[in-house]
Amino acid sequence: GENVEQHPSTLSVQEGDSAVIKCTYSDSASNYFPWYKQELGKRPQLIIDIRSNVGEKKDQRIAVTLNKTAKHFSLHITETQPEDSAVYFCAASQGGSYIPTFGRGTSLIVHP
Amino acid sequence: GAVVSQHPSWVICKSGTSVKIECRSLDFQATTMFWYRQFPKQSLMLMATSNEGSKATYEQGVEKDKFLINHASLTLSTLTVTSAHPEDSSFYICSAIKGAAGDGYTFGSGTRLTVV
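Everything quoted here is computed from the prediction, not taken from an experiment.

How each quantity is defined
- Residues numbered from 1 in each chain as written.
- Chains lettered and ligands numbered in written order.
- Predicted model: local features only at pLDDT ≥ 70, side-chain atom pairs only at ≥ 80, totals over all residues.
- Heavy atoms only, no water.
- Phe/Tyr/Trp six-rings, centres within 6.5 Å; stacked < 30°, edge-to-face > 60°.
- Helix = DSSP H or I, 4+ residues; strand = E, 2+ residues; numbered from the N terminus.
- Buried < 20%, exposed > 50% of the residue type's maximum accessible area, 1.4 Å probe, protein only.
- Pairing = 2+ DSSP bridges.
- Axes fitted to C-alpha atoms, helices over the stretch in contact; angles between N-to-C directions.
- Contact = heavy atoms within 4.5 Å.
- Buried area = accessible area lost by both parts, 1.4 Å probe.
- Salt bridge = Lys/Arg side-chain N within 4 Å of Asp/Glu carboxyl O.
- Polar contact = N/O pair within 3.5 Å; in protein donor to acceptor, adjacent residues only side chain to side chain.
- Nonpolar A, V, L, I, M, F, W, Y, C, P; charged D, E, K, R; others polar.

Q: Could you give me a rundown of the packing of aromatic side chains, with the residues and numbers involved?
A: Aromatic ring pairs are defined here through the distance separating the ring centres and the angle between the ring planes. Residues and elements named next belong to chain A. One pass over the full model with this rule turns up ten aromatic pairs over all chains. Judged by centre distance (5.6 Å) and plane angle (70 degrees), the rings of Trp35 and Phe73 are edge-to-face. With Trp35 in strand β4 (residues 32-38) and Phe73 in strand β8 (residues 72-77), this residue pair connects regions lying 38 residues apart in the sequence. For Trp35, a relative accessible area of 0% translates into the label buried. On the basis of an interplanar angle of 55 degrees and a centroid distance of 5.7 Å, the ring pair of Tyr36 and Phe102 is categorised as tilted.

Q: Can you tell me about the sheet that holds strand β1 (residues 4-7) of chain A, naming the residues and giving the values?
A: Sheet strands pair by backbone hydrogen bonding; their relative direction is either parallel or antiparallel. Residues and elements named next belong to chain A. In space, the five strands of this open sheet follow the order β1-β3-β8-β7-β6, with antiparallel pairing throughout. Edge strands, defined here as strands with exactly one partner in the open sheet, are β1 and β6 (56-59). Neighbour-to-neighbour, the strand axes of this sheet turn through a mean angle of 15 degrees, independent of strand direction. Alignment of β1 against strand β3 (residues 19-25), held across four bridges, turns out to be antiparallel.

Q: Which residues make up the interface of chain A and chain B, and what values do they have?
A: Taken together, the contact pairs 20 residues of chain A with 20 residues of chain B. A combined buried area of about 1500 Å² lies between chain A and chain B, and 58% of that area is made up of carbon and sulfur atoms. Counting the contacts that link chain A with chain B gives zero salt bridges. Taken together, the connections running from chain A to chain B amount to four residue pairs in polar contact (both at pLDDT 80 or more). If you list the elements that add at least two residues to the side of chain A that touches chain B, you get β4 and β5 (45-51) of chain A. The residue inventory of the side of chain A that touches chain B, partitioned by class, reads nine nonpolar, six polar and five charged.

Q: Describe in detail unusual backbone geometry, supporting the description with residues and values.
A: Residues His7(A) and Pro8(A) are joined by a peptide bond in cis, for which omega reads -5 degrees. Within the secondary structure layout, Pro8(A) lies in the loop between β1 and β2 (10-14). The peptide bond linking His7(B) to Pro8(B) adopts the cis configuration, its omega dihedral lying at 0 degrees. The topology assignment puts Pro8(B) in the loop between β1 (4-7) and β2 (10-13). Despite not being glycine, Lys71(A) has its phi angle at roughly 55 degrees, a positive value. If you trace the backbone, Lys71(A) turns up in the loop between β7 (62-67) and β8. A positive phi is found at Ser83(B), a non-glycine position, where the angle reads about 45 degrees. Within the secondary structure layout, Ser83(B) lies in the loop between β8 (76-81) and β9 (90-97).

Next up, the structure:
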């Protein structure tokens, strides 16, 4: 089955700095890679996703890159703000009815 | 986007009692729903896959007699924690997939269960 590794487990940055979270996956059949943000006590919310036919996708301050050859993908957050503080999960899936496999999560702390 | 509702959002129960958690897809039909458990500061642990009209598929190590799952309709799945113990205290989240592309994976609002 799929195995998703996520690093770092904790990331502490100053407001305005950039944050990068990295994930690797093992199953070459995976073709859909979503990222979720989970605030304390709340549900994970999809913030951005990427499919295997593109290498990069951007949405305002967040971007995701994908390297299919190396089987890794990353989340980039620029100009971080305190409200970006949350736990971020990456996931890999074959799409369709396949259940995503989640990484262990990264706790991002943005200090004002 | 897809909306998945979960109820209750939090519940406190006594040891030995049973608790039922509901998961509803509000704007789409979900033949399959998923139940997760999440401990503080940890990732989402898939417990089981709930299939409408058939038995749920449980992940290894999850007691099916303790965590009863019923998916009686295309919009409702329930998780019943039977004979609850303090170690069952956790955050339980359901999810469902909307659409064939798999990119409509949406989580319910979660239920904080505390067993005292």
